[in-house]
Amino acid sequence: MSTAKTTPRSTTDRRSTIGWILMLGALAALPAVTTDMYLPSLPVVAEDLGATQAAAQFTMSGMLLGAGVGQLVIGPFSDRFGRRLPLLIGISLHVVTSLLCSITPDIGTLIGLRITQGFFNAAASVVAIAVIRDRFVGSDAARLLSRLMLVIGVAPLFAPTIGQAIAGAWQWRAVFYALALIGLALVLIVWRFMPESLPREQRRPGRPRQVAGGYASLLRDRHFMALAVIPGLGLAVIMSYVVGSPFVLQDQYGLSQAQFAAVFALNGVAIVGSAQLNAALVRRAAPIRILRVAAVVQMVCALILLAIVLTGFGGIVGFVAGLWLVLGTQGMIPANASVLALHHYGHMAGTAAAVIGALQSGVAGLVSPFVGLLGGDSVAMVCVMLAAVSLTLVVLATATPAYRTGGWRELDGMEPGTTTSVGQTEEREAEQVEAQGPDQRG
């Protein structure tokens with residue numbers, strides 16, 4: 001059995017890590033880019049296809065539901081066949097569905113294609129997380145996931161502006177041609193620069209019995225499931241804002257498409273900035289300690305935002321400031337919850353990442369449509385966001401020992417400020433594999 005070295009990383013190692021972050025960030029950002037480039041055109045799509053606001057919003061929520069199912073399929077597939085193959089297949093089919101979306105004749109067809117697109121896009125997000133777990137664990141993984149948020153965060157900063165410019169010049173259908181080109185570029189990058197991170201000897205059997213056994217072991221782990229659902233509730237907060245903001249900011253508050261794109265970018269800075277703050281904090285504090293504080297702070301901020309909406313205090317400035325506070329705490333929640341959930345499942349990282357991703361997409365896809373169903377105004381949007389924030393706090397408080405005296409140690413499993421490599425946890429993971437029995441071993 002290999003043992004981890006404790007020598008400092010060389011400059012070459014650091015450059016390699018940066019390269020991995022950039023590449024995996026570009027992959028993980030594909031679903032966000034697919035969403036955000038299309039976002040400013042949402043009111044125009046509803047008008048052009050003769051659809052209701054709720055139906056147009058479901059072209060985005062439906063994509064999340066498709067991604068939830070896709071992750072459950074692609075995760076075990078990547079544990080069986082490695083990371084590269086499902087990634088190349090998924091992104092290639094993203095290109096095909098993007099081209100089909102560009103010629104869709106009605107809203108029903110577009111919804112179906114977007115669900116399918118979400119299914120294939122799931123390959124990019126689930127593999128990106130699994131690759132990080134293949135190479136890193138502990139505080140290193142938490143820092144890398146936070147750094148990954150920096151790359152992913154470029155999408156909210158630039159994608160709506162780019163999408164608005166494309167739609168303004170060639171109408172909304174041209175946005176899907178651009179998404180197809182982005183997918184093609186990612187296929188070439190993966191083919192040329194991404195080596196396989198999962199050795200053949202570490203791959204798991206892909207037979208239905210083994211796949212079901214892997215999922216069953218995860219479902220029986222109460223702490224894993226509680227931590228795994230938190231990123232989904234976090235994405236529900238973001239997606240409730242995403243699907244509601246074009247109508248709230250443009251129709252209710254009267255912003256132009258360019259002004260909307262600027263506000264969207266400003267809120268993107270909040271998410272990215274808090275993720276980078278989290279990357280620095282995990283060097284000094286355990287991820288679970290950061291998580292339990294961030295959840296409370298976000299709850300307070302969400303209540304402040306609701307008060308602003310109900311009273312009209314500050315007008316558009318007050319509303320945007322309240323949104324900025326709520327979204328600004330979001331970058332400190334999913335990365336910590338995900339790394340804690342994955343920590344003891346390196347031997348089945350693809351399957352575990354698939355559960356996290358499926359819950360993330362599925363919960364967000366189920367929750368965010370309520371913005372349109374409840375009226376689509378600012379009150380509806382903020383109430384749905386507040387509900388998701390409240391559930392995060394409830395799950396963390398009732399389904400984990402995070403707020404019990406000393407209980408956070410049960411979920412920690414890593415010391416802050418240390419560099420933990422995959423080799424340092426091999427013995428523990430091997431013991432877990434043996435304990436699972438022959439039907440679940442990889």
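These figures come from a predicted structure and were not determined experimentally.

Here is what the cut-offs are and how they apply
Residues numbered from 1 in each chain as written. Predicted model: local features only at pLDDT ≥ 70, side-chain atom pairs only at ≥ 80, totals over all residues. Heavy atoms only, no water. Helix = DSSP H or I, 4+ residues; strand = E, 2+ residues; numbered from the N terminus. Buried < 20%, exposed > 50% of the residue type's maximum accessible area, 1.4 Å probe, protein only. Contact = heavy atoms within 4.5 Å. Areas by Shrake-Rupley, 256 points an atom, 1.4 Å probe, with all protein chains shown as cover. Axes fitted to C-alpha atoms, helices over the stretch in contact; angles between N-to-C directions. Parallel < 35°, antiparallel > 145°, perpendicular 65-115°, else oblique. Left-handed = near helix turned anticlockwise from the far one by under 90°. Nonpolar A, V, L, I, M, F, W, Y, C, P; charged D, E, K, R; others polar. Patch = residues over 30% accessible without salt bridge, like charges linked within 9 Å, V, L, I, M, F, W, Y side chains within 5 Å. Salt bridge = Lys/Arg side-chain N within 4 Å of Asp/Glu carboxyl O. Expected span 1.5 Å × (residues − 1). pLDDT = per-residue confidence, 0-100. Phe/Tyr/Trp six-rings, centres within 6.5 Å; stacked < 30°, edge-to-face > 60°.

Undergrad: So, the overall build of the protein chain: which residues are in play, and what are the values?
TA: In terms of regular secondary structure, the protein chain is built from 20 helices and zero strands. Here the protein chain holds 442 residues, and the buried ones make up 59% of them. Sequence-distant contacts, at least 24 apart, represent 86% of the contacts inside the protein chain between residues at least 6 apart. A total of about 17,500 Å² of accessible surface is found on the protein chain, and carbon and sulfur atoms cover 66% of it.

Undergrad: Explain the packing of helix α11 (residues 222–252) against helix α12 (residues 257–281) to me, and be specific about the residues and the numbers.
TA: Remark: α11 packs on α12, axes separated minimally by 10 Å, with the N-to-C direction vectors making an angle of 155°. Considered as vectors, α11 and α12 are oriented roughly antiparallel to each other. For the pair α11 and α12, the sense of crossing is right-handed. Touching Ile 238, Tyr 241, Val 242, Ser 245, Pro 246, Leu 249 and Gln 250 of α11 are Gln 257, Phe 260, Val 263, Phe 264, Asn 267 and Ile 271, all from α12. Grouping the amino acids of the contact of α11 with α12 by side-chain chemistry returns nine nonpolar, four polar and no charged.

Undergrad: Quick one: what's the story with a nonpolar patch on the surface, residue by residue and with numbers?
TA: A cluster of nonpolar side chains, namely Val 96, Leu 99, Leu 100, Ile 103 and Tyr 177, defines an oily patch on the protein surface of about 450 Å² accessible area. With three residues, helix α5 (residues 84–101) is the largest single contributor of residues to the nonpolar patch. Relative to the elements of secondary structure, Val 96 occurs in helix α5. Classification of Val 96 as partly exposed rests on a relative accessible area of 42%.

Undergrad: Now, about α5: what can you tell me, with residues and values included?
TA: Because each turn of an α-helix spans 3.6 residues, side chains separated by three or four positions in sequence point in the same direction. Between its first and last C-alpha, α5 extends 26 Å over 18 residues, near the 26 Å set by a 1.5 Å rise per residue. The complete set of buried residues in α5 reads Pro 86, Leu 87, Leu 88, Gly 90, Ile 91, His 94, Val 95, Thr 97, Ser 98 and Cys 101.

Undergrad: How would you summarise the confidence of the model for the protein chain if you had to cite specific residues and measurements?
TA: Within the protein chain, residue pLDDT values average 77, and 79% of them lie at 70 or more. Looking at the elements of the protein chain, mean pLDDT is at its lowest for helix α20 (residues 426–436), recorded as 41, and at its highest for helix α18 (residues 378–398), recorded as 92. Contacts for the low-pLDDT stretch residues 1–12, under 50 throughout, to residues beyond four places or in other chains number twelve contacts. Scored below 50 in pLDDT, residues 413–442 shows 72 contacts in the model against residues more than four places distant or in partner chains.

Undergrad: Give me the lowdown on the packing of aromatic side chains, citing residues and values where you can.
TA: According to the stated counting rule, one finds six aromatic pairs in the structure shown. The interplanar angle of 15° and the centroid separation of 5.1 Å between the aromatic rings of Tyr 253 and Phe 319 together place this pair among those described as stacked. Of this pair, Tyr 253 sits in the loop between α11 and α12 while Phe 319 is found in helix α14 (residues 315–330), placing the two residues 66 residues apart along the sequence. Residue classification places Tyr 253 among the partly exposed residues on the basis of a relative accessible area of 27%.

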